[in-house]
Amino acid sequence: MAEYLYIFDTTLRDGEQSAGCQLSTVEKIRIAKALEKLGVDVIEAGFPASSPGDFNSVVEVSKAVSESVVCALTRCNKDDIDLAVKALQFAKKKRIQTGIGTSDYHINYKFGTTRENILKTAVECTAYAKQFVDEVEFYCEDAGRTDNAFLAQIVEAVIKAGASIINIPDTTGYCLPEEFGAKIKYLKDNVKGIDNVLISVHCHNDLGMATALALAGVENGARQVECTINGVGERAGNTALEEICMILRCHSEVGVDTGIRTKYLVETSRLVSNLMNNPVQANKAIVGRNAFSHSSGIHQDGVIKNRETYEIINPKDVGADKSQLVLTARSGRAALKSRLRKLGIDVSNDINVDGIYAKFIRLADSNREITDNDIIAISGQDVKKVRPVTILRHNVSSALGEGAKAYLKLLIKGEEKEAEATGNGPVDASIKALKKLVGDKMTLQEFTIQSMNRGSDDIGKVYMQVLYNNNLYYGFGASSDIVLASLSAYIDAVNQFI
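In this report, the structure presented in the accompanying data block is examined. The shown structure was predicted, so the numbers you read here are calculated from the model rather than taken from an experiment. (Residues numbered from 1 in each chain as written. Predicted model: local features only at pLDDT ≥ 70, side-chain atom pairs only at ≥ 80, totals over all residues. Heavy atoms only, no water.)

Regarding its fold elements, the chain presents 17 helices and 18 strands. Summing over all exposed atoms, the chain offers an accessible surface of approximately 22,100 Å²; the carbon and sulfur share of this is 47%. Each charge sign in the chain was given a centre, from 58 positive and 63 negative side chains, and these centres are 5 Å apart. (Helix = DSSP H or I, 4+ residues; strand = E, 2+ residues; numbered from the N terminus. Areas by Shrake-Rupley, 256 points an atom, 1.4 Å probe, with all protein chains shown as cover. Lys, Arg positive; Asp, Glu negative; His and termini not counted. Charge placed at Lys NZ, Arg CZ, Asp CG, Glu CD.)

What follows is about the sheet that holds strand 13 (residues 389-398). Spatial ordering of the open sheet is given by 13-14-15, a layout of three strands whose pairing is antiparallel. Of all the strands in the sheet, just strand 13 and strand 15 (415-423) have a single pairing partner and so form its edges. Each neighbouring strand pair of the sheet contributes to a mean axis angle of 15 degrees, computed without reference to strand direction. Contacting strand 13, strand 14 (404-412) and strand 15, helix 16 (residues 426-438) crosses the sheet at an angle of about 140 degrees to strand 15. Here helix 17 (residues 482-494) sits on the sheet and contacts strand 13 and strand 14; the angle it forms with strand 13, its principal contact strand, is near 145 degrees. (Pairing = 2+ DSSP bridges. Axes fitted to C-alpha atoms, helices over the stretch in contact; angles between N-to-C directions. Contact = heavy atoms within 4.5 Å.)

Okay, helix 8 (residues 210-219) next. Within an α-helix, residues lying three or four positions from one another point in the same direction, as the helix has 3.6 residues per turn. With eight of its 10 residues buried, helix 8 lies for the most part within the structure. Taken together, the buried positions of helix 8 are occupied by Ala210, Thr211, Leu213, Ala214, Leu215, Ala216, Gly217 and Val218. On the buried face of helix 8, the contacting elements are strand 7 (165-170), helix 7 (177-190), strand 8 (198-203), strand 9 (224-227), helix 9 (241-250) and strand 10 (256-257). Looking one or two residues beyond helix 8, the residue adopting positive phi is Gly221, at roughly 120 degrees. (Buried < 20%, exposed > 50% of the residue type's maximum accessible area, 1.4 Å probe, protein only.)

Moving on: the side chain of Glu311. You can see Glu311 is positioned in the loop between helix 11 (297-305) and strand 12 (324-325). With sequence-adjacent residues up to four places away left out, Glu311 is seen in contact with Phe292, His294 and Ser323.

Turning our eyes to something else, we now look at unusual backbone geometry. If a residue is not glycine, its phi is most likely negative; likewise, a peptide bond is most likely trans. For Asn230, which is not a glycine, the phi torsion comes out positive at approximately 65 degrees. Within the element layout of this structure, Asn230 appears in the loop between strand 9 and helix 9. Residue Asn277 is not a glycine yet carries a positive backbone phi of 55 degrees. Along the chain, Asn277 turns up in the loop between helix 10 (265-276) and strand 11 (293-294). Judged by relative accessible area, Asn277 falls into the exposed class, the value being 65%.

The next subject is the pattern of salt bridges. Tallied over the full model, the rule gives 28 salt bridges. Between Lys37 and Glu267 there is a salt bridge whose closest N-O contact spans 2.9 Å. Taken together, the positions of Lys37 in helix 1 (residues 25-38) and Glu267 in helix 10 put the pair 230 residues apart, joining distant regions of the chain. Its relative accessible area of 38% is what places Lys37 among the partly exposed residues. (Salt bridge = Lys/Arg side-chain N within 4 Å of Asp/Glu carboxyl O.)

Pairing is parallel around the closed barrel formed by eight strands, whose spatial order is 2-3-4-5-6-7-8-9. Shown here is a sheet whose adjacent strand axes are inclined to one another by a mean of 25 degrees, direction ignored. Two elements, strand 2 (residues 6-9) and strand 9, share four bridges in a ladder whose sense is parallel. Among the inter-strand pairings, Asp9 is bridged to a residue of strand 9, identified as Cys227. Strand contacts of helix 5 (residues 115-130): strand 5 (94-101) and strand 6 (135-141), with the helix running at about 170 degrees to strand 5, the strand carrying the most contacts.

One pass over the structure, following the stated rule, counts six aromatic pairs. Each ring, one from Tyr4 and one from Tyr6, has its centre 4.9 Å from the other, and the planes form 75 degrees; the classification is edge-to-face. Taking relative accessible area as the criterion, Tyr4 reaches 37% and is therefore assigned partly exposed. Ring centres of Tyr128 and Phe132 lie 5.1 Å apart, and the angle between their planes is 75 degrees; this geometry places the pair in the edge-to-face category. (Phe/Tyr/Trp six-rings, centres within 6.5 Å; stacked < 30°, edge-to-face > 60°.)

Relative to the 18 Å expected for 13 residues at 1.5 Å per residue, helix 2 (residues 52-64) spans 19 Å between its end C-alpha atoms, a close match to the ideal helical length. Listed in full, the buried residues belonging to helix 2 are Asp54, Phe55, Ser57, Val58, Val59, Val61, Ser62 and Ala64. On its buried side, helix 2 packs onto helix 1, strand 3 (42-46), strand 4 (69-75) and helix 3 (78-87). (Expected span 1.5 Å × (residues − 1).)

A few words now on the packing of helix 5 against helix 6 (residues 148-161). Where helix 5 meets helix 6, the axes come as close as 8 Å, and the angle between the chain directions of the two elements is 25 degrees. Of the possible angle classes, the one that applies to helix 5 and helix 6 is roughly parallel. Along this stretch, helix 5 crosses helix 6, giving a crossing that reads as right-handed. Residues Arg115, Ile118, Leu119, Ala122, Val123, Thr126, Ala127 and Lys130 of helix 5 touch helix 6, and the partners they reach there are Phe150, Gln153, Ile154, Ala157, Val158 and Ala161. (Parallel < 35°, antiparallel > 145°, perpendicular 65-115°, else oblique. Left-handed = near helix turned anticlockwise from the far one by under 90°.)

Given below as structure tokens:
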């Protein structure tokens, strides 16, 4: 039976320290509830002493969360601890995390003091916090660059003072994985009482190794990982929650697993991305738009025959719905036939398919990515007959400071329909008009714009992800008119479920 790994999520604290990713209290509550639904064991709600806003956020998250432990961060400072105690007063399950820098870099340059004074402060503040809460977590900031013998000394001392969780951060992401794993093993072998506490690791991604560092810690005895959704965080970010959880789920031989309900990973990722206004990179592991997309002909052929030839994770296990075959000049006949079949176009005649494929390759070389409408056109079909929803007419007008008004005429399953709507901007107004015609039970989860070339004739590519009936659908549109590209992308997604 696998040993249990506690997931400590610090999206609301360390994650929010990402430049430009600040959250309101209401937004933090939404994320906290999503984290609880996801199965996170501990939610670090904030640093109460940092600002009145952060203090209030910890208070409100404490009220909103009932299953997860709510943690507040402090420095080794009694005033900080007093504020944390007050902020956590409504929490059903509470924890205070206090700590101090332990490396010589921090001791000499940040504090201008001695190891002896750091040790004394650590013990005093741990004992002080223990008076107020049962769970005290002590962090040794910059433990990755801390001398192991001194690190062991301070860990042993704070355990005696009442700490029940010991956090070993690689604050700068400096260590090599094997070096960090050896540090955890050193503590396991040299600290009295270490077997009676939970060892936690908190790793940063400055050298792109945060998840590898966390895994090395787990393999050497850590049983809590501090991480964030999408790997957001200070500088280059933190260990990504979705990555460490799926690594352990895929590699049962490690003998450790979490209580994370992985089917909510993509959903939670999108929520955090949207509220932080921080797009997830397309090739991000597990939750990126391209994580289960295939454009190479060899890969597409393999996936069509058996998904597991190129996918070690079932997309549905993380809430990604299904694999995507992206048609580009690298795609082969197998992917093209699969898409033609999906569109209801006859593929029984190989000669006909070969002719379509030749046209497809020529178009793909110039357009880079091919839409379903392109496929329908080069196959000699009428787009209006094959696609349930097509645009007949679209006009939009806007004035500075007055919002926008959109007129839209669609052909929906052979019937012409039209609507008008106003919105905050041209795209918003156009999508509202669309929803009047096809229904409003869709939610836009992702909206990404990319430029295909530069100049006055710039072509914009728009990717959208739409949630409908608990399933995610991807849409793509391209045009020199970015509003039309956006509307086309939304309709592309809609056409997949109408």
